[in-house]
Amino acid sequence: MDLNTEELDALRELVNIGVGKAAGILSEMTGSTIELQIPVIHLISGDQYQEIEAVLGGEHYSAVRLGFEGAFTGTAFSIFPAKSADILIAAITGDEPDHSGSLAHFHSIHAETLMEVGNILINGVMGSITNILGTRLIYTLPSYSEEPVAKLIEEASSDQRENIIVAQTRMFIQNLNIEGKILLIMGGKSLDILVRKIQETQD
Amino acid sequence: MSVAEFIRPIIQFADLLPVGVCIIDEKKKVRLWNRMIARWSGRSAEEMNGQHLDLIYPHLNAPAYRRRIEQVLDGGPPTIFSSQLNAPFIPCPLPDGRMRLQHTSVIRQDRADGIIAIIIIEDITELGHGIERARSMCDQALEEVEERKKVEKALLFTNRKLQLLSGITRHDILNEVTVLLGNATFLDEMLPDETLERKYINTIIRSTKRIQNQISFTSDYEGLGGEEPGWFDIRDVAQKAFSMARPGNTTLDIQEGCFQVFADPMLEKVFFNLFENAVRHGGGVTTITIRYDTGPDESVISVADDGAGIPANFRERLFEKGVGRNTGLGLFLSKEILEITGISIEEAGQEGKGALFQIRVPNDKVRSNKYP
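Reading the values: rules and limits
- Residues numbered from 1 in each chain as written.
- Chains lettered and ligands numbered in written order.
- Predicted model: local features only at pLDDT ≥ 70, side-chain atom pairs only at ≥ 80, totals over all residues.
- Core = buried A, V, L, I, M, F, W, Y, C linked by C-beta atoms within 7 Å.
- Buried ≥ 20, exposed ≤ 12 C-beta atoms within 10 Å, placed from the backbone.
- Helix = DSSP H or I, 4+ residues; strand = E, 2+ residues; numbered from the N terminus.
- Contact = placed C-beta atoms within 7 Å.
- Pairing = 2+ DSSP bridges.
- Arc of directions from axis to C-beta.
- pLDDT = per-residue confidence, 0-100.
- Axes fitted to C-alpha atoms, helices over the stretch in contact; angles between N-to-C directions.
- Parallel < 35°, antiparallel > 145°, perpendicular 65-115°, else oblique.
- Left-handed = near helix turned anticlockwise from the far one by under 90°.
- Nonpolar A, V, L, I, M, F, W, Y, C, P; charged D, E, K, R; others polar.

A. Spatial organisation of the nonpolar core. In terms of nonpolar packing, the biggest core is built from 91 residues, with A:Ala76, A:Ile182, A:Leu183, B:Cys22 and B:Ile119 touching the most fellow members. The leading source of residues in this core is helix H1 (residues 5-30) of chain A, at 10 residues. Other than its neighbours up to four places away in sequence, B:Ile119 contacts B:Cys22, B:Ile24, B:Phe89, B:Thr104 and B:Val106. The next biggest cluster of nonpolar side chains, apart from the first, holds 38 residues, and it includes B:Ala278, B:Val285, B:Tyr292 and B:Ala355.

Have a look at this one:
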């Protein structure tokens, strides 16, 4: 399924509102001004792994996962590349960044912190989508893992893997440039419903 | 199912859980306060039920908490409060006055007569403190490494200065010794035989030669361990050392094949000392034989000659400094060179049947292929 420019713009607007909310919460929590860049949206077909790797790379990501069910069903991920996760943790906790480009040195408290940051981002975006579309979803508890994106996607159920909405953004904390992405993985029917609801709000 | 119907059957179950559980309604009134959170917080279920949670714990009214709790109650996804980014959700002091570290999840539940939020609090104090301890140990180890690096740098600098000083001093002493030896030799040639003066000058010459040997030994000893150990082919090393030892009519018979050992670069000096001793003091040595033997844990390089052998009473002190027919330093130095990489040497021959030196090498310091 393809989204036309208007639909992509509307989706970007929804994600942007959510990301803005998340930035506000993160700023309050950390006491630092956190700005999030307007996201760039791609729609990738789940079987186009080459394209996924081209957009997301094959590296390990620090990922927070949240499943949702309801009017549309799928899995949301908030993912940070290792280098960005490292900088983010250092900026938030004051720990020394490792600069190794790997997540091997992360311990469970680091993971817990990243899980909260990822949770705030996802909640901002999902909250924004459901509020504007006037729909309610049932969610799983968020979980944390460190894996390449292709592996994360593989773990979603096969009927959800049909479409991947990639919202790519950058977070600026204390002049640090941190890359983060939100992935929404959903089946064709769910994406249809989402798009229809977006169209309804535009009419 | 109403809120009350939902809560009633889970009260007993919630009391069994090893986590803190609190359920609040839309107005943030406490509807369930389990045994664990009561124990941690010091507030009983009777005291808490029906109370506004944010009145008892006003920090939950701060925007960072309030907005996110309300986001859940408004239908948003579950939210997480981590131990690093937030003060404890429900402050729970430990007996030592510190606060329990908490990981809190807030999850919404829709009921027929209202909405509730289930707050689950996990105590991660031990985990957090364990990580703090590990971090503190890591910091301490890093500090020690830094300190050690500084000391090493200072030692290296001092060592270089000492080497320079000892090198210059050695050079100057050897120059003077050469002059002394030359003049003493001239005097020896000028003096008539069997005179007391000749006897004295010969004593001077012998002592001066000993000084010369001692000074040369300090140069060798200084080089010990100065360079990184490496892999050396025994055949190449032994042949080179043999040619340096001025063997005369003595022949060297080395086992064919590649046999390498991981040793100090002064390994050649070991073989030179063994060969020189055999040629000079071996008692008519005609052949020196080198053989290798690999056992389960170690390999043995045997250096044998067909000379007079070493007396048994001399064998025990053979590798001590100053013991020997010449300077008494060669075999001492050889043992020291080998020990750098965990190799040992002993003499196992029989008097009258020739000397037999056995160099014992751990098998992880042996290889039979140049490019493994």
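B. Here's a closer look at the sheet that holds strand S8 (residues 260-263) of chain B. Residue and element names in this part refer to chain B. Reading across the sheet, the 3 strands line up as S6-S8-S13 and stay open at both edges, with antiparallel pairing between neighbours. Two strands bound the open sheet, and with one partner strand each, they are strand S6 (230-233) and strand S13 (366-367). Pairing analysis gives 4 bridges linking S6 to S8, with the strands arranged antiparallel. Along S8, the bridge assignment pairs Asp233 with Gln260.

C. Local environment of helix H6 (residues 63-73) of chain B. Among the residues making up H6(B), those that are buried are B:Ala64, B:Tyr65, B:Arg68, B:Ile69, B:Gln71 and B:Val72. The buried residues of H6(B) occupy one face: seen down the axis, they fall within an arc of 155 degrees. The inward-facing, buried residues of H6(B) contact H1 and helix H4 (108-133) of chain A together with strand S3 (79-81), strand S4 (102-111) and strand S5 (114-123) of chain B.

D. View of the confidence of the model for chain A. Here chain A shows a mean pLDDT of 81. Residues at 70 or above account for 91%. At the level of individual helices and strands, chain A shows its lowest average pLDDT in helix H2 (residues 49-56) of chain A, which scores 71, and its highest in strand S3 (residues 60-70) of chain A, which scores 90.

E. A look at the pairing of S3(A). Residues and elements named next belong to chain A. Buried residues dominate S3, accounting for 9 of its 11 residues. Pairing analysis gives 6 bridges linking S3 to strand S6 (residues 143-148), with the strands arranged antiparallel. The residue of S6 that forms the bridge with Arg65 is Ser143. Two elements, S3 and strand S4 (residues 74-81), share 8 bridges in a ladder whose sense is antiparallel. Among the inter-strand pairings, Phe68 is bridged to a residue of S4, identified as Gly74. Count of turn residues in the S3/S4 antiparallel hairpin: 3 residues. Of the pairings in the sheet, the one linking S3 to strand S5 (residues 137-139) comprises 3 bridges and is antiparallel in character. Bridge assignment links Phe68 to a residue of S5, and that residue is Tyr139.

F. Representation of the packing of helix H10 (residues 267-281) of chain B against helix H12 (residues 330-339) of chain B in the model. All names here are of chain B. Running from N to C, H10 and H12 cross one another at 150 degrees; their axes reach a closest spacing of 9 Å. Comparing the axis directions of H10 and H12 gives the class roughly antiparallel. H10 and H12 meet at a crossing whose hand is left-handed. On H12, the residues that touch Leu267, Lys269, Val270, Asn273 and Asn277 of H10 are Gly330, Leu331, Leu333, Ser334, Ile337 and Leu338. Grouping the constituent residues of the contact of H10 with H12 by class yields 6 nonpolar, 4 polar and 1 charged.

G. The interface of chain B and chain A, seen in detail. Taken together, the contact between chain B and chain A spans 22 residues of the former and 23 residues of the latter. Broken down by secondary-structure element, the contributors of at least two residues to the side of chain B that touches chain A are H6, S3, S4 and helix H7 (125-190) of chain B. When residues in the side of chain B that touches chain A are grouped by element, the largest group, 5 residues, is from H6(B).

H. Structural view of the sheet that holds strand S2 (residues 30-33) of chain B. Taken in spatial order, the 5 strands make up an open sheet running S2-S1-S5-S4-S3 (chain B), and their pairing is antiparallel. A strand with exactly one partner marks an edge of an open sheet, and here the two such strands are S2 and S3 of chain B. Taking each pair of neighbouring strands and ignoring which way they run, the sheet shows an average axis angle of 20 degrees. One ladder, built from 6 bridges, connects strand S1 (residues 20-25) of chain B with S5(B); its direction is antiparallel. In the strand pairing of S5(B), B:Ile24 is matched with B:Ala117. Here H4(A) sits on the sheet in contact with S3 and S4 of chain B, set at roughly 145 degrees to S3(B).

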